[in-house]
Amino acid sequence: MQKIEKSKPDSAALDQINRFTRRALTADEVYTFSVILCDNEVDRDGERFTVEALQKLAELFVGKTGIFDHHASGKNQTARIYAAAIVVDESRRTSQGEPYTALKAEAYLLRNEGNAALIADIDGGIKKEVSVSCSMSGRHCSVCGADLYHDGCSHRTGEMVDGKLCHVVLSEPTDAYEFSFVAIPAQPRAGVTKAASTLPDIEKALAASDEVTLTRAVCEELTRKAAAGESYQKKLRADAVRLSHTLLPELSGTLADRIVSRLDVEELEAFNAALQKRASRPLCRPQTAAGSADDFDSSVYQI
Ligand SMILES: [Zn+2]
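What this report covers is the structure whose coordinates are included nearby. Not measured: the values here are computed from a predicted model.

**Structural notes on the nonpolar core**
And then number 1: If you look at the biggest cluster of nonpolar residues, it comprises 36 residues, and the most contacted ones within it are Phe33, Leu37, Phe49, Leu57, Leu109 and Phe179.
And then number 2: Of all the secondary-structure elements, those providing two or more residues to this core are strand 2 (30-39), helix 2 (51-61), strand 5 (78-93), strand 6 (99-110), helix 3 (113-123), strand 7 (129-141) and strand 10 (168-182).
And then number 3: Considering each element in turn, this core owes the most residues, six residues, to helix 2.
And then number 4: If we ignore the near neighbours within four places in the chain, the residues touching leucine 57 are Cys38, Phe49, Leu103, Cys134, Pro173 and Ala176.
And then number 5: Counting eight residues, the second-largest nonpolar core is a separate cluster that includes Ala13, Leu25, Tyr82 and Tyr108.

Shown next, in the form of structure tokens:
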């Protein structure tokens, strides 16, 4: 249901566009079009943006990119939003009885060979689904107003309660990431997707749904963190094996390796702490020894 309009940029639009370019582009070098990113109607996921949220998203989406298809081939086919605003159609009411309100973005593409086919597509009026990726910190039940991130309620999205459709009301956008055109929706839920941007966001999203959409930046961040975590676990394993060899020489190296390989990070930390504690105190205190255990030369003791 997305409407794409295209036009040549006037000088005001060109000025806006050139805020995002390395050198000033001329009107002939850019192709501009406008697109409805999202609106205040309940979407196919049973979610609805508030008008205030759309207004905030209009600010957040300026400067953000749009990609065409989710394929790598579209890597260089990126449009950029240079302006965005709310448009209200007073003659049209949503299912909730509000005036239809949409977030309309103005975007540009470079007119080059790589984008020629795409521009022809847009010129030809090819309809594409638009999906937007943004982070919302407010999710409330439309029936009882419950905070769905923290409390939840017994109402189910899609059911009718007292003649009203139960849905999720999305508010308080915290960031906008990108929009994308997909010729054929890749997922049954294609449409508006709300991406999680931080670990607490991901936890919240997972508490509310089995699916969570992540932005590329978050995926890269998580990949980095996962690599750091793996490296830490590897070090813990090496420490555990080394300590086992020292303190439990009866244990074969292979067996120690096998035991250690099954432990997760928390278990390894506890295991190593116990082994280190054992390493730091004598197992049998010589009768003649004086002073604290810390003073003893560990080589004196037998395990
Ligand atoms: Zn509810």
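Once the structure has been displayed, the description carries forward.
**Comments concerning the coordination of the zinc ion**
And then number 1: Within the protein, Cys141 (SG), Cys144 (SG), Cys153 (SG) and His155 (ND1) serve as the donor atoms for the zinc ion, at 2.1 to 2.3 Å.
And then number 2: Classification of the site at the zinc ion as tetrahedral follows from its four donor atoms and the range of 103 to 114 degrees in their angles at the metal.
And then number 3: Sequence positions of the donors to the zinc ion reduce to the motif C-x2-C-x8-C-x1-H.

**Side note on the state of the cysteines**
And then number 1: Counted according to the given criterion, the structure contains zero disulfides.
And then number 2: Unpaired in terms of disulfides, cysteine 134 finds its nearest cysteine sulfur in cysteine 38, a separation of 6.5 Å.
And then number 3: Given the relative accessible area of 0%, cysteine 134 is considered buried.

**What about the packing of aromatic side chains?**
And then number 1: Counted according to the given criterion, the structure contains two aromatic pairs.
And then number 2: Residues tyrosine 31 and phenylalanine 33 carry aromatic rings whose centres are separated by 6.3 Å and whose planes lie at 35 degrees to one another, so their mutual orientation is tilted. Of the two residues examined, tyrosine 31 and phenylalanine 33, each falls in the buried class.
And then number 3: Consider the rings of tyrosine 82 and tyrosine 108, whose centres lie 6.2 Å apart with planes at 45 degrees: the pair is tilted. One end of the pair, tyrosine 82, is in strand 5; the other, tyrosine 108, is in strand 6, and 26 residues separate them in sequence. Comparing tyrosine 82 with tyrosine 108, the two get one shared label, buried.
And then number 4: A cation over an aromatic ring shows up here: arginine 92 above the ring of tyrosine 100, its NZ or CZ 3.8 Å from the ring centre.

**Topic: unusual backbone geometry**
And then number 1: For aspartate 162, which is not glycine, the phi torsion reads 50 degrees and is therefore positive.
And then number 2: By secondary structure assignment, the location of aspartate 162 is in the loop between strand 8 (160-161) and strand 9 (164-165).
And then number 3: The class for aspartate 162 is exposed, based on a relative accessible area of 79%.
And then number 4: The backbone phi angle of glutamate 172 is positive, close to 50 degrees, even though this residue is not glycine.

How each quantity is defined
- Residues numbered from 1 in each chain as written.
- Predicted model: local features only at pLDDT ≥ 70, side-chain atom pairs only at ≥ 80, totals over all residues.
- Heavy atoms only, no water.
- Core = buried A, V, L, I, M, F, W, Y, C linked by side-chain atoms within 4.5 Å.
- Buried < 20%, exposed > 50% of the residue type's maximum accessible area, 1.4 Å probe, protein only.
- Helix = DSSP H or I, 4+ residues; strand = E, 2+ residues; numbered from the N terminus.
- Contact = heavy atoms within 4.5 Å.
- Donors = N, O, S within 2.8 Å, 3.2 Å for Na, K, Ca; no water.
- Tetrahedral: all angles 85-135°; square planar, octahedral: opposite > 155°, others 65-115°.
- Disulfide = S-S within 2.5 Å.
- Phe/Tyr/Trp six-rings, centres within 6.5 Å; stacked < 30°, edge-to-face > 60°.
- Lys NZ or Arg CZ within 6 Å of the ring centre and 35° of its normal.

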